[in-house]
Amino acid sequence: MDKSFIKTAEVQALFDKAAGLDSDGGNTRLKAITRDLLEAVAAIVVDHDVTENEFWAAVKYVQDGAGEIGLIIPGIGLEHFMDLFLDAKDAEAGKTGGTPRTIEGPLYVAGAPLVEGLDVNLTTDPDDTTNLYMTGVVTGPDGEPVRDAILHVWHANSRGWYSHFDPTTEQTPFNNRRRIKLGPDGRYAFRSKMPRGYSVPPGGATDVYMAALGRHGNRPAHVHFFIEAPGYRQLTTQINFGDDPFAKEDFAFGTREGLLPVPIWQGDAASIAFDFVLQLADAADEQQFSTRNRAAA
């Protein structure tokens, strides 16, 4: 059927009413977005001649997959798209430079212990694997050390599980999670146990979707970071280990140029030196975290 069907008076009136355009109340921006969303979905239905069975199968998938929405969104590239969109807006505004942003993922937990010093140990649970050492400095756009910065860091254990989300329930709540208050020189140093890459839950909603697209659901070994500091834009980023077989084939599109350090391996230890560069904040809200829903232990 031709898409002109969508433009018929009956269909247009339906979408207008469904989006609340015929009422004075409600949120004007939400109404406009809902109206455009309805028309976009309708165009897909008509373009692809979606059957009734396919439509309701998709609805069931969304219902069944609600618990994995935090994996599905990065898996289909939408979280990375938001990074690209924000980068493009920054470029338009002349805001360039700094460490690249990349996806947060769904596995941050608020309230990790706040610690100081240059010998921070992230790992509190036994883990018989390689030791990881990371060091570096947080600077501003002109190379100035960033004062009073807090570096949030979190990663999986050697089995690919994150504390708080570990189905084995063997990890303490903040294993491999810390907030590190940096000194006036902006330097950080921490040690932990080498994380392992992981796959989406086998047979789960994300795995089913990836398989249907002919894709895998694997992430390389990686470490997540938030960095916040007065006067600077809050940074959400992560490093993927450049020697991991999935480093450039991350199903969640978290890999970005400049975020692929290769660990230096020496015996039972691996080390990474990685510096972060923050942009200056033009407004107070740029110093804040997004309002994304996050877990709390």
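The coordinates are above.
Throughout what follows, the structure given in this document is the object of discussion.

Calculation rules
- Residues numbered from 1 in each chain as written.
- Predicted model: local features only at pLDDT ≥ 70, side-chain atom pairs only at ≥ 80, totals over all residues.
- Heavy atoms only, no water.
- Helix = DSSP H or I, 4+ residues; strand = E, 2+ residues; numbered from the N terminus.
- Polar contact = N/O pair within 3.5 Å; in protein donor to acceptor, adjacent residues only side chain to side chain.
- Contact = heavy atoms within 4.5 Å.
- Buried < 20%, exposed > 50% of the residue type's maximum accessible area, 1.4 Å probe, protein only.
- Arc of directions from axis to C-beta.
- Patch = residues over 30% accessible without salt bridge, like charges linked within 9 Å, V, L, I, M, F, W, Y side chains within 5 Å.
- Areas by Shrake-Rupley, 256 points an atom, 1.4 Å probe, with all protein chains shown as cover.
- Salt bridge = Lys/Arg side-chain N within 4 Å of Asp/Glu carboxyl O.
- Axes fitted to C-alpha atoms, helices over the stretch in contact; angles between N-to-C directions.
- Parallel < 35°, antiparallel > 145°, perpendicular 65-115°, else oblique.
- Left-handed = near helix turned anticlockwise from the far one by under 90°.
- Nonpolar A, V, L, I, M, F, W, Y, C, P; charged D, E, K, R; others polar.
- Pairing = 2+ DSSP bridges.

Here Gln279 lies in the loop between strand S14 (276-277) and strand S15 (295-296). Within polar-contact distance, the side chain of Gln279 engages the backbone oxygen of Gly97 at 2.7 Å. Only 2.5 Å separates the side chain of Gln279 from the side chain of Arg233, close enough to count as a polar contact. Setting aside residues up to four positions removed in sequence, Gln279 forms contacts with Asp90, Lys95, Thr96, Gly97, Tyr232 and Arg233.

Within helix H1 (residues 9-18), the full set of buried residues consists of Val11, Gln12 and Phe15. One face of H1 carries all of its buried residues, which in axial projection span an arc of 100 degrees. Seen from the open side of H1, the exposed residues pointing more than 90 degrees away from its buried face are Ala9, Glu10, Leu14 and Lys17. After H1 finishes, the residue Gly20 shows a positive phi value of roughly 75 degrees.

Looking now at a nonpolar patch on the surface. A grouping of Ile69, Ile73, Ile76, Leu78, Phe81, Met82, Phe85, Leu86, Tyr209 and Leu213 is seen on the molecular surface, where their side chains present a nonpolar patch of about 840 Å² in accessible area. Among the elements that take part in the nonpolar patch, helix H5 (residues 78-92) stands out by supplying five residues, more than any other. The residue Ile76 is located in the loop between helix H4 (69-75) and H5 in this model.

The subject of this paragraph is the packing of H1 against helix H2 (residues 28-47). Between two packed helices, the angle of one axis relative to the other and the distance separating the axes together describe the packing. Viewed as axis vectors pointing N to C, H1 and H2 meet at an angle of 140 degrees, and their least axial separation amounts to 9 Å. It follows that H1 is oblique to H2 by the angle criterion. Handedness of the H1/H2 crossing: right-handed. Touching Gln12, Phe15, Asp16 and Ala18 of H1 are Arg35, Leu38, Glu39 and Ala42, all from H2. Grouping the constituent residues of the contact of H1 with H2 by class yields four nonpolar, one polar and three charged.

Counting buried residues along strand S7 (residues 187-193), five of its seven residues qualify, which places the element largely inside the surrounding structure. Bridging between strand S3 (residues 120-121) and S7 involves two bridges; their strand directions are parallel. Residue pairing for S7: Asn121 is matched across the bridge by Arg191. The pairing of strand S4 (residues 131-139) with S7 spans seven bridges and is classified as antiparallel. Each bridged residue has a counterpart across the sheet, and for Val137 the counterpart in S7 is Arg187.

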